[in-house]
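In case you want the letters, here they are:
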Amino acid sequence: MKHIFQLIRWQNLLFTAVIMLLMEYMVAAPLLRQWVLLPGWIFCLLLFAVVAIAAGGYAVNDYFDVRIDAVNRPGRMLVTRTLTKQTAMLCHQVLTGLGAVAGIAAAIVLRSWSLGLIFLFVPGLLWFYSASYKRQFVVGNLIVAFVAALVPLVVAVANAAYLNLRFADLLGYTTVVRDLYLWIGGFALFAFLTTLIREILKDMQDQEGDRELECHTLPIRLGDKWTKLVVVSLILLTCGLLCWLVFGVMPFPHTWSSYSVRYLTFGLLIPFACELYLVLTARISSDYRFAQGLMKFIMGVGVLFSVIVFIYL
């Protein structure tokens, strides 16, 4: 059982669950305090669906990555060493199937075509990503970033659908749905950009195995110099958007500005500056692994900004 939990990356699944919980109870809840929040049982169904599909995606990724992992991380291989390929595939099929059924059931209850399409589309996307797309130029990186952005967006789509179910005649006179998508969409965009940065850094770390299997990742096609330029550009774009969102889009009292500036500066901008240094000075695989670790920290701090949002909404 220990190896199964390692296969499905339980730490990443926990982080995914925390993101959804924060979006629901720190962002959606205060925005909808005068309306109605998604019922707890439907949210739990969605939470299970997202986590189960993500777990299945990790399992099938390791199933297809046996040869690459044998070169890039031989000491941490699970499939073919401690777990058989058949076990990995069975985990993928069971978890993905259960997740898709739970997600589609929630979509049917909410009468949301958008939500249903997400839970039909994403499992197939993760399969083709692991089987083929991740070895193609940029496509794999964009798919992972897109799926990461969908995690918070599922909360917005579900709550908007429930509001439409209960108050369809009144929503035209209010901006509550727009505000919901604006706030959660900001976190989704942050998740997209930071995940994209981390995935490119991961490709830079894994170049040896990727070259051996003739993958066409960004660093293999462009080289380290130009790939670093792409990463630096994405970091600067993310920092610029953060400043614009906090200072230009979200009007709040002076106390909000004070706390948000401190959080932005010490929690995100300074770590991003350190990330820039690590990327520019990276030379070997372990350097990129360390840069990835810092990106995980930045992603966590960014998501926890929702607590500040909860206090001042």
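> So what exactly am I meant to see when it comes to the overall build of the chain here?
Check the secondary structure of the chain and you find 13 helices and zero strands. Beginning at the N terminus, the succession of helices and strands in the chain can be written as α-α-α-α-α-α-α-α-α-α-α-α-α. Since a compact globule built from 313 residues should have a radius of gyration of about 20 Å, the 20 Å found for the chain is in line with a globular shape. Here the chain holds 313 residues, and the buried ones make up 51% of them. A separation of at least 24 residues holds for 79% of the contacts in the chain among residues at least 6 apart in sequence. Of the roughly 15100 Å² of accessible surface on the chain, a fraction of 67% belongs to carbon and sulfur atoms.

> Before we go on, may I ask you to explain the packing of helix 2 (residues 10-31) against helix 3 (residues 40-64) in this structure?
Packed helix pairs are specified by the crossing angle of their axes together with the interaxial distance, meaning the distance between the axes. Two elements in contact, helix 2 and helix 3, have axes separated by 10 Å at closest approach and are oriented at 155°. In terms of orientation, helix 2 lies roughly antiparallel with respect to helix 3. In this structure, the crossing between helix 2 and helix 3 has a hand that is right-handed. Contacts between helix 2 and helix 3 pair N12, L13, T16, A17, M20, L21, E24 and Y25 from the former with F43, L46, L47, V50, V51, A54, A55 and Y58 from the latter. In the contact of helix 2 with helix 3, the residues fall into 13 nonpolar, two polar and one charged.

> Is there a simple way to think about the nonpolar core in this case?
Soluble, globular proteins show a tendency: their nonpolar side chains are buried together. Formed by 86 residues in total, the largest nonpolar core has its most connected members in M20, L46, L115 and L201. Residue contributions to this core peak at 15 residues, all from helix 7 (residues 139-167). Beyond its immediate stretch of four places on either side in the chain, L46 contacts M20, L38, A106, L115, F119, V154 and A158. M77, L78, L83 and A88 belong to the second largest nonpolar core, which has nine residues in total.

> Would you mind showing me how to read the packing of helix 2 against helix 7 here?
Relative to each other, helix 2 and helix 7 sit at 40°, their axes nearing to 8 Å. Taken together, the axes of helix 2 and helix 7 lie oblique to each other. Of the two possible hands of crossing, helix 2 and helix 7 adopt the one that is right-handed. Two secondary-structure elements touch here, helix 2 through T16, I19, M20, M23, E24 and A28 and helix 7 through V151, P152, V154, V155 and N159. Classifying every residue of the contact of helix 2 with helix 7 by side-chain character gives eight nonpolar, two polar and one charged.

> Whenever I open this one, the packing of aromatic side chains confuses me. Can you help?
Any pair of aromatic rings gets described here by the distance separating the centres and the angle formed by the planes. All chains considered together, the criterion is met by five aromatic pairs. Plain terms: the ring middles of Y25 and F43 are 5.6 Å apart, the flat faces sit at 80° to each other, and that makes the pair edge-to-face. Of the two residues, Y25 sits in helix 2 while F43 sits in helix 3, which places them 18 residues apart along the sequence. When its relative accessible area of 36% is taken as the criterion, Y25 is described as partly exposed. A connected cluster of aromatic rings, assembled from ring pairs, spans Y63, F64 and W127. Just above the ring of Y63 sits the side chain of K85; from NZ or CZ to the centre is 4.6 Å. Taking NZ or CZ as reference, R221 lies 4.9 Å from the ring centre of F137, over its face.

> Would you take a moment to explain the environment of G185 for this structure?
Position of G185 relative to the elements: it lies in helix 8 (residues 176-205). Distance from G185 to Y25, taken between C-alpha atoms, is 15 Å for residues 160 residues apart in sequence. Setting aside residues no more than four positions away along its own chain, G185 makes contact with L153 and L180.

> Would you explain the side chain of S112 in this entry?
You can see S112 is positioned in the loop between helix 5 (85-110) and helix 6 (113-131). Polar side-chain contacts of S112 include one of 3.1 Å to the backbone nitrogen of L115. Not counting chain neighbours up to four residues away, the residues in contact with S112 comprise A107, V157 and A161.

Cut-offs and rules
- Residues numbered from 1 in each chain as written.
- Predicted model: local features only at pLDDT ≥ 70, side-chain atom pairs only at ≥ 80, totals over all residues.
- Heavy atoms only, no water.
- Helix = DSSP H or I, 4+ residues; strand = E, 2+ residues; numbered from the N terminus.
- Rg over C-alpha atoms; globule rule 2.2 N^0.38 Å.
- Buried < 20%, exposed > 50% of the residue type's maximum accessible area, 1.4 Å probe, protein only.
- Contact = heavy atoms within 4.5 Å.
- Areas by Shrake-Rupley, 256 points an atom, 1.4 Å probe, with all protein chains shown as cover.
- Axes fitted to C-alpha atoms, helices over the stretch in contact; angles between N-to-C directions.
- Parallel < 35°, antiparallel > 145°, perpendicular 65-115°, else oblique.
- Left-handed = near helix turned anticlockwise from the far one by under 90°.
- Nonpolar A, V, L, I, M, F, W, Y, C, P; charged D, E, K, R; others polar.
- Core = buried A, V, L, I, M, F, W, Y, C linked by side-chain atoms within 4.5 Å.
- Phe/Tyr/Trp six-rings, centres within 6.5 Å; stacked < 30°, edge-to-face > 60°.
- Lys NZ or Arg CZ within 6 Å of the ring centre and 35° of its normal.
- Polar contact = N/O pair within 3.5 Å; in protein donor to acceptor, adjacent residues only side chain to side chain.

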